[in-house]
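If you want the building blocks of each chain, they are given just below.
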Amino acid sequence: MLKRMKMVKQAVLMALLMAGPAVATQEYILPTLFDVQDVAADDVLNIREAPDASSAIIGTLAPDATGIEVVATDRSGQWGQVNAGERAGWVSMRFLVNRTDVWQPGALPAGFTCGGTEPFWSLAPKGDALVWWTPDGETAYRGLHVLDTGVFRSPRRALVAGSGDQALTASVTPAWCSDGMSEMAFGLEATVILQGAAGPQLYSGCCRIAR
């Protein structure tokens, strides 16, 4: 019996060791940024209405375009959903290469912003602060802390800034999100708790990482 238990423990340990590198070296988690590749200098990468090569073209990407945010893929994994102006479309993943500098531990991508409607609000990091905006004005919450889960290249983040009765906390989660106004698609959902003179207030919205 003891020998059998020892063999089981060894098998479990071996499985965990084998599983570890696969998680640690995953290529990417969406949303993240990509650069266009393998498109001729005199050509463009088409953005299509649907994930189909025969679908209508709604936009294009230059052959040297960089920092393209892909928020989702279709079931085949061959098409990526991107935004073209005020609407979402699809590009062939064959012509995109993922960037490895996007989701760094304890940090946010340079183009990270969040926003919501009813009421309108926006949130963006600026130096060591989170800048909160509504039609009523703008407030900078200092002492920004960016927390991550430790999962390699995961976009999941918690943002904490300010203190006492002037504090802001935001949870940013990978999930399909709509701003309720445009036909754009977002890959990050935000829940914001704002602590101020009027007491705690809850806001929800979407985030993006493309500049």
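In the block above lies the structure referred to throughout.
Each chain has its residues counted from 1, running along the sequence as written. A pLDDT threshold of at least 70 governs which residues receive local features in this predicted model, and a stricter bar of 80 or more applies before side-chain atom pairs are shown or counted, although totals over entire chains, interfaces and linings include all residues. Side-chain descriptors were evaluated using all non-hydrogen atoms of the structure, hydrogens and water having been removed beforehand.

*Asks:* In this structure, what is going on with the state of the cysteines? I would like to understand it.
*Replies:* Each disulfide is one covalent bond, formed between the sulfur atoms of two cysteines. Disulfides are defined as cysteine sulfur pairs within 2.5 Å. As enumerated under the stated definition, the model contains two disulfides in all. Note that Cys114 is cross-linked by a disulfide to Cys207, the S-S spacing being 2.0 Å. The sign of the 95° torsion about the S-S bond sets the Cys114-Cys207 disulfide as right-handed. Here Cys114 is found in strand S9 (residues 113–116), whereas its partner Cys207 is found in strand S17 (residues 199–208), with 93 residues between them in sequence. Helix numbers and strand numbers start at the N terminus; a helix is a DSSP run of H or I with at least 4 residues, a strand a run of E with at least 2.

*Asks:* Can you walk me through the pattern of salt bridges in this structure?
*Replies:* Any two side chains of opposite charge can pair, given that their charged atoms come close. Throughout this description, the term salt bridge denotes a Lys or Arg side-chain nitrogen within 4 Å of a carboxyl oxygen of Asp or Glu. A complete count under the given rule lists five salt bridges for this structure. Two residues, Arg99 and Asp35, come together in a salt bridge whose shortest N-O distance is 3.2 Å. Linking Arg99 in the loop between strand S8 (96–98) and S9 with Asp35 in strand S1 (residues 32–36), this pair joins segments that are 64 residues apart in sequence. Categorising residues by exposure relies on relative accessible area from a 1.4 Å probe, with only protein chains included: less than 20% of the type maximum marks a residue as buried, more than 50% marks it as exposed, and the intermediate range marks it as partly exposed. Its relative accessible area of 28% is what places Arg99 among the partly exposed residues. Take Asp35: its relative accessible area is 18%, and that puts it in the buried class. A salt bridge links Asp101 to Arg99; its shortest N-O distance comes to 3.1 Å.

*Asks:* Explain the side chain of Arg157 to me, please; I cannot follow it from the model alone.
*Replies:* By the element assignment, Arg157 lies in strand S14 (residues 157–163). Within the buried core, Arg157 has no salt-bridge partner, and the shortest N-O distance to an opposite charge, that of Asp148, equals 5.1 Å. N or O atoms closer than or at 3.5 Å make up a polar contact, with two conditions inside protein: a donor-capable atom paired with an acceptor-capable one, and, for residues adjacent in sequence, both atoms drawn from side chains. A polar contact of 2.9 Å, which involves the side chain of Arg157, links it to the backbone oxygen of Gln104. In what follows, a contact means two residues having at least one pair of non-hydrogen atoms within 4.5 Å. Dropping the residues within four chain positions of it, Arg157 is found in contact with Trp103, Gln104, Ala107, Leu108, Val146, Leu147, Asp148, Ala170, Ser171 and Val172. Under the convention used here, Asp and Glu are negative, Lys and Arg are positive, and both His and the chain ends fall outside the count.

*Asks:* Please clarify how the sheet that holds strand S12 (residues 137–142) should be interpreted in this entry.
*Replies:* Paired through backbone hydrogen bonds, the strands of a sheet run either parallel or antiparallel to each other. At least two DSSP bridges between two strands are required for those strands to pair. The sheet built from nine strands is open, its strands ordered S12-S11-S10-S9-S17-S16-S15-S14-S13 with antiparallel pairing. Sheet topology places S12 and strand S13 (145–148) at the edges, where each strand pairs with a single neighbour. Between one strand axis and the next, the sheet turns by 25° as a mean value, whatever way the strands run. Inspection of the sheet shows S13 paired to S14 by four bridges, in the antiparallel sense. The partner of His145 across the bridge, within S14, is Val160. With axes taken as lines fitted to C-alpha atoms, and helix axes fitted only over the stretch in contact, angles between N-to-C directions fall between 0 and 180 degrees.

*Asks:* Before we go on, may I ask you to explain unusual backbone geometry in this structure?
*Replies:* Generally, phi is negative for residues other than glycine and the peptide bonds are trans, each holding for most cases. A cis amide bond links Leu30 to the next residue, Pro31, at an omega of 0°. As for its position among the elements, Pro31 is in the loop between helix H1 (2–24) and S1. Residue Glu118 is joined to Pro119 through a cis peptide bond whose omega torsion reads 0°. Summarising the element assignment, Pro119 is placed in the loop between S9 and strand S10 (121–126). Residues other than glycine seldom take positive phi values, yet Asp38 does so here, at roughly 60°. One can find Asp38 in the loop between S1 and strand S2 (45–48). Judged by its relative accessible area of 55%, Asp38 is exposed. Phi is positive for Glu118, which is not a glycine, with a value near 50°.

*Asks:* Mind showing me how you'd approach the pairing of S1 here?
*Replies:* As a general feature of sheets, a regular strand has side chains that alternate between the two faces. A large share of S1 lies buried, amounting to five of its five residues. Alternating positions in S1 separate into two faces, Thr32, Phe34 and Val36 on one and Leu33 and Asp35 on the other, with burial throughout. Two elements, S1 and strand S4 (residues 68–70), share three bridges in a ladder whose sense is antiparallel. Following the sheet pairing, Phe34 is matched in S4 by Ile68. Bridge count between S1 and S8: three bridges; the pairing is antiparallel. Across the sheet, the residue bridging to Val36 is Leu96, located in S8.

By themselves these figures say nothing about function.
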